[in-house]
Amino acid sequence: MSGSSAIVPGDACLFLDFDGTLVDFAAGPKSVIVTPDLVPMLRDLSNRLDGALAMITGRALDDIDQMLWPLQLPTAALHGTMRRDGSGKVTIVGNPSVEDFKVASRRLCQQFQRWVARHPGVCVEDKGLALALHFRNAQPRWTPEPDDLKILASLLTPDLELLSGDLVLEVRLRGGNKRTAVEAFLAEPPFTDRMPIYIGDDVADVPAMETVERRGGMTIAIGARIDARWCMPDPAALRLWLAALARRNDPS
Ligand SMILES: [Mg+2]
């Protein structure tokens, strides 16, 4: 995507996924490496866009804040279940409690724990309002079979849905998703009336990308898992490109 910084206008707004997009995957979600230049670069880029830069992530809000400390960007967390808008106000879609989620997901959690016990390296991540089964680190390699997914589907309650990501399965509350989060941001300052750019790497990003393309925006896929209007090979290439954008001083 050489020379592409020239095609991004100063009145753009930017939506960024985190894992697999801005940072490389690691053995577990806590062990991803945030390079020292990432946070200052995001801060500069956000300033250049008058604050119209949002994280759109499957991580919990306090988790992404910890990763990007001391920066607190507008963020859609837990795949859109929770959102911090441009003014810093946090809302939860449908207003469920952690206790509600734990009751609804109890049987799925038990099934996840069975797999954790059987497959070394597999782990469950409790995100409060979502639950993730990570099998990136399974030794020997293991991924749920179609029959396993059928078992999970049979345990879903009407309030829950199952998301399949890159070597991760996630149980979350139905309701908000990355698409609805992007739509909500685009209806508010400082995102309104700006050309949206969405950058992601996974199937969970695709509905948000479709919305952005329908609105005349730009989409960039990182890696080969999904298609978008543009693509880059890996997070390192994206970080280089974003750094070039952040350094540009002219508003054109
Ligand atoms: Mg991702």
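Bear in mind the structure is a predicted one, so any value in this text is a computation, not a measurement.

### So, the domain arrangement of the chain
Piece 1. Here the domain parsing of the chain yields domain 1 (4-94 + 176-247) and domain 2 (98-173).
Piece 2. For domain 1 and domain 2, the distance between their C-alpha centroids amounts to 25 Å.
Piece 3. Taken together, the contact pairs 19 residues of domain 1 with 14 residues of domain 2.
Piece 4. Across the interface of domain 1 and domain 2, roughly 1,200 Å² is buried in total on both sides, 57% from carbon and sulfur atoms.
Piece 5. Linking domain 1 with domain 2 are 1 salt bridge, by the criterion used here.
Piece 6. A salt bridge links aspartate 166 to arginine 225; the shortest N-O distance between them is 3.9 Å.
Piece 7. Connecting domain 1 to domain 2 are 6 residue pairs in polar contact (both at pLDDT 80 or more).
Piece 8. Classifying every residue of the side of domain 1 that touches domain 2 gives 9 nonpolar, 6 polar and 4 charged.

### Some remarks on the packing of aromatic side chains
Piece 1. Counted according to the given criterion, the structure contains 6 aromatic pairs.
Piece 2. On the numbers, 5.5 Å between centres and 50° between planes, the contact of tryptophan 115 with tryptophan 142 is tilted. With tryptophan 115 in helix 4 (residues 106-118) and tryptophan 142 in the loop between strand 7 (130-134) and helix 5 (146-155), this pair connects stretches of sequence that are 27 residues apart. This pair shows no difference in class: tryptophan 115 is buried, exactly as tryptophan 142 is.
Piece 3. Following the ring pairs from residue to residue traces out a cluster consisting of Phe112, Trp115, Phe135 and Trp142.
Piece 4. Across the ring face of phenylalanine 185, the terminal group of arginine 83 is positioned such that the distance to the ring centre comes to 4.6 Å.

Rules and cut-offs
Residues numbered from 1 in each chain as written. Predicted model: local features only at pLDDT ≥ 70, side-chain atom pairs only at ≥ 80, totals over all residues. Heavy atoms only, no water. Domains from an automatic or database assignment. Contact = heavy atoms within 4.5 Å. Buried area = accessible area lost by both parts, 1.4 Å probe. Salt bridge = Lys/Arg side-chain N within 4 Å of Asp/Glu carboxyl O. Polar contact = N/O pair within 3.5 Å; in protein donor to acceptor, adjacent residues only side chain to side chain. Nonpolar A, V, L, I, M, F, W, Y, C, P; charged D, E, K, R; others polar. Phe/Tyr/Trp six-rings, centres within 6.5 Å; stacked < 30°, edge-to-face > 60°. Helix = DSSP H or I, 4+ residues; strand = E, 2+ residues; numbered from the N terminus. Buried < 20%, exposed > 50% of the residue type's maximum accessible area, 1.4 Å probe, protein only. Lys NZ or Arg CZ within 6 Å of the ring centre and 35° of its normal.

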